[in-house]
Every structure is written in C-alpha cells, then in structure tokens.
Amino acid sequence: MKIIHIYQKSSKIFMEPYIQFIKDMYTLENHFFIVWDRDSKGCDETKGNFLLTDSMNTEEVRQLLRIGDKIILHSLFIPKVVAYFSIHPYLLKKTYWISWGGDIEPFTEQRKDLKAYLYESMRRFVIKRFAGIGTLVNADFKKICEKYFVRGKHYRAIYLNQLLVNESKLYFNADVESNEEKCILLGNSATESNRHIEALEFLEKFKHKPLKIICPLSYGDMEYRELVKKKGKELFGDKFCPLEEFLNEKAYYRLLGTVDAGIFNNDRQQALGNIYALLIQGKKLYLRKGTPMWDELVEEDKVKIYNVEHLKNMEFVELDEMPDETRKSNSELILYKNSPENSKKIWDLIFEE
C-alpha cells in the first residue's frame, strides 16, 4: 500500500518526530511525503521519499496523488491544497484529514469578505467528502460534526514524539531548587486561544508572593504577544518572564523540569506537547474545564487535572500541591498514551482499514 502524506514545512517541529515514528514502526518505502514549502518558488525538489513543492499542479504531485492508495492531510491550513482537492473530488474518497484543532473553525469566522466566503465553500465541500477524519482529541470530531456535515469515519490520531517522552521522564520527581519561589508555565504560544490575560488576572493576587511565570510566546500573533507581555509586566514586573525565542527540544524539556505547575487556559485543543511533557514529569496541571482537552484527559483518560477557575479561590501554597500517588498515576497514564505500541495501534487503523 502506498500512502501519500501532505504537510507544511513550517510544521516540522511536529512532523519530524512523526516521520521518525514512521521509519521506526513501518516500512518507509510505503510512505511518501509532499512537503509544502513556500520558499521552493516553483522549483520542485525530490529527496528520497520527500518532495518539496509550492504547487499542487505539477506532474510529479499529480502522479503521486493518482497512484497513492491513501492520502493523509496533516492539518488543513494550506488554501492551495484545499482548492486542489475541491476541483479533483475523485481523490477525496481516499483522503484522510488529520485535524490539529486550529484548522476546524470556519474561515468566515476570521474574515467576512468574498474571498473568505469562497474559500470556506471549498473547505465545506472537501471536509464533507473526506473518507476519514482523524482528531487528536475525541471532542474535536464532535465539533467538526457540528460545523460541517461530514460523511467520513472518525479516527483517533496521535503524533508520537519519542524525544519528548524520553526527556520528560528524566525530570519526573526531579529536585527543583529548594526555595520558596513557585515557577509556573503559562500557555504555549502567542495565540488568543491561550487566554493569557484572564489567567494572569487569576494569578494577580499572588503578585507579591515568590512567584515566577514563564510564558512561551515564541510563535503566533506578534501583536497579541505584545499585549500579553505588557499585561504580564504590568501585573508582575520581573516575575513575568516571556519566552520569545525557540529553544532546542532538550533545552525546552529541561526548562519544563524547573516548573512547579502548568496553567493552560486555552479554549480549544492546543498545547498537547507541553501538557504531555509536564504530566510525564509529574507536574500539577490546570486546564479550562469543558474544553476538548479537559474532556479527553479528565473525562476519558482519567488523568487528575485541576480546573483553572479554581485559581480564583486558591491559596499560594496550593499552587503546586498534589499527592505523590497522583503524580505517579498521571505520568504512567500519559506514558502509555504516548508509547510506540499505542501510537502504532492508532495509526494502523488509519493506514490499513
């Protein structure tokens, strides 16, 4: 069976570990990757099982899509890819969309012009006809069904990052410097769905306490990033530490090892890598109740996570307090969820059914 994958080069932070998983657990010769690269400027480049392109309309791309037994779209963020599949609907019966959460919302909720309306019409056409839809959390499929009349089968999906697992295990119950300061990780990116401002206001009552807030803002909306930085500095001064540059993965997981608790006020599926890493490390986590991530981790996986709203009435000493048995149980649950064996069972269903 020949499986064709399509993804953006800019998403390599997620896709490179996934490709390594494919190499480790499957026969790589059966998988080919079309990498959307805006910098290729019309010059397609093939390297082994990878084709770098900025066009769906080259003979090589068309040939790959024709001969592929299945096509996997890793997210649905590329307008030219959506347009191509809308005018080649015969491909949709063998195409599977793996949603990353941020690609669910109708485009017309972001813009109201004619171009946005036409693009959203194409999205609706293809989403309705995909053979299958994979989601990282079950609740995202319910959301898709509410917004689009889908016919395809639902599949679970997971992006195994073995480095995340291995590095995070090193910091389980690691001795954090013994001082009174509590270190909090707030959010994962400079996107409004993190709802940083509200979370900072929850924490404001602790601004005179020995507190450090690490806030990753290295990618996303740069205007929004400035708003978050301004509010963080206004409320907490030097205790608010925006992280504006990318760290290499090992350095980032080492940084997470210094954290006492993580707060993710996100209102959609987002930040799963950070969440999994902190849970593997045995850290206390706060999520927004009623979100897809809460439903998945708390209601389905039975992970012990705390409602971010509880911060309003919480004492400073409680910020990172959690029984040792809960830390161990949470870590074990997430380690199994992110194991190669479990990941392979999940992807087997997509590849082989």
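Student: Describe the sheet that holds strand E2 (residues 31-36), with residues and values.
Tutor: Two modes of strand pairing occur in sheets, parallel and antiparallel, and in both the strands are linked by backbone hydrogen bonds. Across the sheet, which stays open at both edges, the eight strands sit in the order E3-E4-E2-E1-E5-E6-E7-E8 with mixed pairing between neighbours. Each of the sheet's edge strands pairs with one partner strand only, and the pair in question is strand E3 (45-47) and strand E8 (153-156). Adjacent strand axes in the sheet meet at a mean angle of 20° when their direction is disregarded. When strand E6 (residues 95-99) meets strand E7 (residues 132-135), the two strands line up parallel, connected through four bridges. Across the sheet, the residue bridging to Ser99 is Thr135, located in E7.

Student: Which residues make up the side chain of Asn330, and what values do they have?
Tutor: Mapped onto the elements of the fold, Asn330 is located in helix H12 (residues 324-337). Not counting residues up to four positions away in its chain, the partners in contact with Asn330 are Leu279, Val303, Lys304 and Met322.

Student: I'd like a rundown of the packing of aromatic side chains, residues and numbers included.
Tutor: On inspection of all chains with the given rule, the structure shows 18 aromatic pairs. With 5.9 Å between their ring centres and 80° between their planes, Phe21 and Tyr26 make a pair best called edge-to-face. Residues Phe21 and Tyr26 agree in their burial class; the two are buried. Aromatic ring contacts, followed pair by pair, group Phe14, Tyr18, Phe21, Tyr26, Trp100, Tyr159, Trp347 and Phe351 into a single cluster. The ring centre of Tyr306 lies 4.8 Å from the NZ or CZ of Lys304, which sits over that ring.

Student: I'd like to hear about the pattern of salt bridges, residue by residue, with values.
Tutor: One pass over the full model with this rule turns up 24 salt bridges. With a closest N to O distance of 3.7 Å, Lys9 and Asp37 form a salt bridge. With a gap of 28 residues between them, Lys9 in the loop between strand E1 (3-8) and helix H1 (12-25) and Asp37 in the loop between E2 and E3 connect regions that are remote in the sequence. When its relative accessible area of 8% is taken as the criterion, Asp37 is described as buried. Asp267 is paired through a salt bridge with Arg195; the nearest N and O atoms lie 3.7 Å apart. With a gap of 72 residues between them, Asp267 in the loop between strand E12 (261-264) and helix H10 (272-280) and Arg195 in the loop between strand E9 (182-186) and helix H7 (196-203) connect regions that are remote in the sequence.

Calculation notes
Residues numbered from 1 in each chain as written. Predicted model: local features only at pLDDT ≥ 70, side-chain atom pairs only at ≥ 80, totals over all residues. Heavy atoms only, no water. Pairing = 2+ DSSP bridges. Helix = DSSP H or I, 4+ residues; strand = E, 2+ residues; numbered from the N terminus. Axes fitted to C-alpha atoms, helices over the stretch in contact; angles between N-to-C directions. Contact = heavy atoms within 4.5 Å. Phe/Tyr/Trp six-rings, centres within 6.5 Å; stacked < 30°, edge-to-face > 60°. Buried < 20%, exposed > 50% of the residue type's maximum accessible area, 1.4 Å probe, protein only. Lys NZ or Arg CZ within 6 Å of the ring centre and 35° of its normal. Salt bridge = Lys/Arg side-chain N within 4 Å of Asp/Glu carboxyl O.

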